[in-house]
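Okay, here's what each chain looks like letter by letter:
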Amino acid sequence: MSVLHALVERILNGDRRAVARAISYIEDNHPEKTEILQDLFPHTGGAFLLGITGSPGAGKSSFVDKLIGYLRKQGLTIGIVAVDPTSPFTGGAILGDRIRMQDHFLDEGVFIRSMGTRGSLGGLARATKEAVRVLDAYGKDIVIIETVGVGQSELDIMNIADSTAVVLNPGGGDTVQAFKAGIMEIADLFILNKADLAGTDKLFREVEQMLDLVKHDSPWRPPVVKTITTQGMGIDEAWQAFLDHKSYLQESKEWERRRASHLREEVSEIVEHAVHQLIVKRLRSEEYKDMMEGVSRRDIDPYEVAHQLLQQLVKEK
């Protein structure tokens, strides 16, 4: 029997500090990161993974905060990965998430971690997925991934979450933006937050009409749930919608198919990242210094340099 990495043993024994350290290793691309993830992998797959997305200001963090409180009353343990859309060094969105979820920070049944994009959406998707895996192995019943904005990071949730909720609010023009960005296709349910505001019924009708177009022949039609997080209203209904979707996934065998697809996609992501790192390192080497300077002077075109690099890599393999 192989010996587990020391951090992995501590994570499996419920050590919160080890979980934080492992996620830091992932963000920093630490040399021991791969070994840790490989040792953790056999202990994953038990958590229900929820994606929460939508445009800024829709009230995602407030919804997550109330959902955490509701789930804790059910006796469930929670892990949260809150994605900072700017930088891990600004403190902007990170501080905001921590303020809104501060009531849960001393709860041993809740683990909250903010992660920065560092300007790399692809790297974010991979690092987020790996952080989720750590929390899964840690034994959390539910892992929530919250992203901010509408863009590639939201679409990347498809390759992480079991169920994805899109949070909208009245008056924001969110349905048009969601439709344009392809968010309608990835949503497993819709949360109409701030439902006490004017325009909620209009937004409800708009979402239902778009679902008639996009999901008219789908075996699962995303439910539309109204919530008022400031009053704690609709949280129980939203959770039931998540459970209904989970039941649908399991009964239709889509659960296994979706998770298998996520793992296959991850293999490609890992290979692409490794190849990208190799190429960047090679192009910064002395061997390519003159050619790269030639490209800068326009003495040689970038296609020729790229072709030579690819030819060299193929020969080496």
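Provided above is the structure to which this section pertains.
Residues numbered from 1 in each chain as written. Predicted model: local features only at pLDDT ≥ 70, side-chain atom pairs only at ≥ 80, totals over all residues. Heavy atoms only, no water.

(A) Summary view of the packing of aromatic side chains. Counting across every chain of the model gives five aromatic pairs. Geometrically, the ring pair formed by F48 and W239 is tilted, given 6.2 Å between the ring centres and 50 degrees between the ring planes. With F48 in strand β1 (residues 48-54) and W239 in helix α11 (residues 235-251), the pair connects residues that are 191 residues apart, well separated along the chain. Where F111 meets Y138, the ring centres are 6.2 Å apart and the plane angle is 75 degrees; that geometry is what we call edge-to-face. Placement of F111 in strand β3 (residues 110-116) and of Y138 in the loop between α6 (121-137) and β4 (142-146) is noted, with a sequence separation of 27 residues between them. This pair shows no difference in class: F111 is buried, exactly as Y138 is. Among the aromatic residues, those joined into a cluster by ring pairs are F48, W239, F242 and W255. Across from the ring centre of F204, 5.0 Å away, lies the NZ or CZ of K226, which sits over that ring. (Phe/Tyr/Trp six-rings, centres within 6.5 Å; stacked < 30°, edge-to-face > 60°. Helix = DSSP H or I, 4+ residues; strand = E, 2+ residues; numbered from the N terminus. Buried < 20%, exposed > 50% of the residue type's maximum accessible area, 1.4 Å probe, protein only. Lys NZ or Arg CZ within 6 Å of the ring centre and 35° of its normal.)

(B) Expanded view of the pairing of strand β5 (residues 163-168). Across the six residues of β5, six count as buried, placing the element largely inside the fold. Alignment of β1 against β5, held across five bridges, turns out to be parallel. Among the inter-strand pairings, L50 is bridged to a residue of β5, identified as S163. The sheet contact formed by β5 and strand β6 (residues 189-192) spans four bridges and is parallel. Among the inter-strand pairings, V167 is bridged to a residue of β6, identified as I191. (Pairing = 2+ DSSP bridges.)

(C) Inspection of the pattern of salt bridges at higher detail. Inspection of every chain in the model, using the stated rule, returns 14 salt bridges. With a closest N to O distance of 3.6 Å, E130 and K33 form a salt bridge. Of the two residues, E130 is situated in helix α6 and K33 in helix α3 (residues 33-40); the sequence distance between them amounts to 97 residues. By relative accessible area, which is 6% here, K33 ends up buried. Across the pair E254 and R257 runs a salt bridge whose closest N-O atoms are separated by 2.5 Å. Placement of both E254 and R257 in helix α12 (residues 254-283) is noted, with a separation of three residues, approximately one turn of the helix. Linked through salt bridges whose partners overlap, the residues forming this network are E208, D212 and R221. (Salt bridge = Lys/Arg side-chain N within 4 Å of Asp/Glu carboxyl O.)

(D) The arrangement of α12 in detail. End to end, α12 covers 43 Å across 30 residues, agreeing with the expected 44 Å (1.5 Å per residue, within 8%). E254, W255, R258, R259, H262, E266, E269 and R282 are the residues of α12 that are buried. (Expected span 1.5 Å × (residues − 1).)

(E) Summary view of a nonpolar patch on the surface. Side chains of V267, V271 and V275 sit close together on the surface and give an oily, nonpolar patch of about 240 Å² of accessible area. Here V271 lies in helix α12. (Patch = residues over 30% accessible without salt bridge, like charges linked within 9 Å, V, L, I, M, F, W, Y side chains within 5 Å. Areas by Shrake-Rupley, 256 points an atom, 1.4 Å probe, with all protein chains shown as cover.)

(F) Region of the structure containing the pairing of β1. The element β1 is extensively covered by neighbouring structure, given that seven of its seven residues are classed as buried. Because side chains alternate across β1, one face comprises the buried residues F48, L50, I52 and G54, and the other comprises L49, G51 and T53, equally buried. With five bridges connecting them, β1 and β4 associate as parallel partners. Its bridge partner lying in β4, G51 is registered against I145.

(G) Summary view of helix α10 (residues 200-214). Taking 1.5 Å of rise per residue, 15 residues should cover 21 Å, and α10 covers 21 Å from first to last C-alpha, within 8% of that figure. Within the sequence span of α10, burial applies to T200, L203, V207, M210 and L211. Along the long axis of α10, the arc covered by the buried residues comes to 105 degrees, so they all point the same way. For α10, the exposed residues set more than 90 degrees away from the buried face come down to Q209 and L213. (Arc of directions from axis to C-beta.)

(H) Seen up close, the layout of surface pockets. Roughly 390 Å³ of volume is contained in the second largest pocket. In terms of lining, the second largest pocket is formed by 17 residues, of which the most central are K33, T34, L37, E130 and I270. Taken together, the elements giving at least two residues each to the lining of the second largest pocket come down to α3, α6 and α12. The biggest single contributor to the lining of the second largest pocket is α12, with six residues. Residue composition of the lining of the second largest pocket, grouped by class: seven nonpolar, five polar and five charged. (1 Å grid on protein atoms, 1.4 Å probe; cavity = no way out; pocket = protein on both sides within 12 Å on 5 of 7 lines; lining within 4 Å. Points joined across faces, edges and corners; volume = space filled by probe spheres on them. Nonpolar A, V, L, I, M, F, W, Y, C, P; charged D, E, K, R; others polar.)

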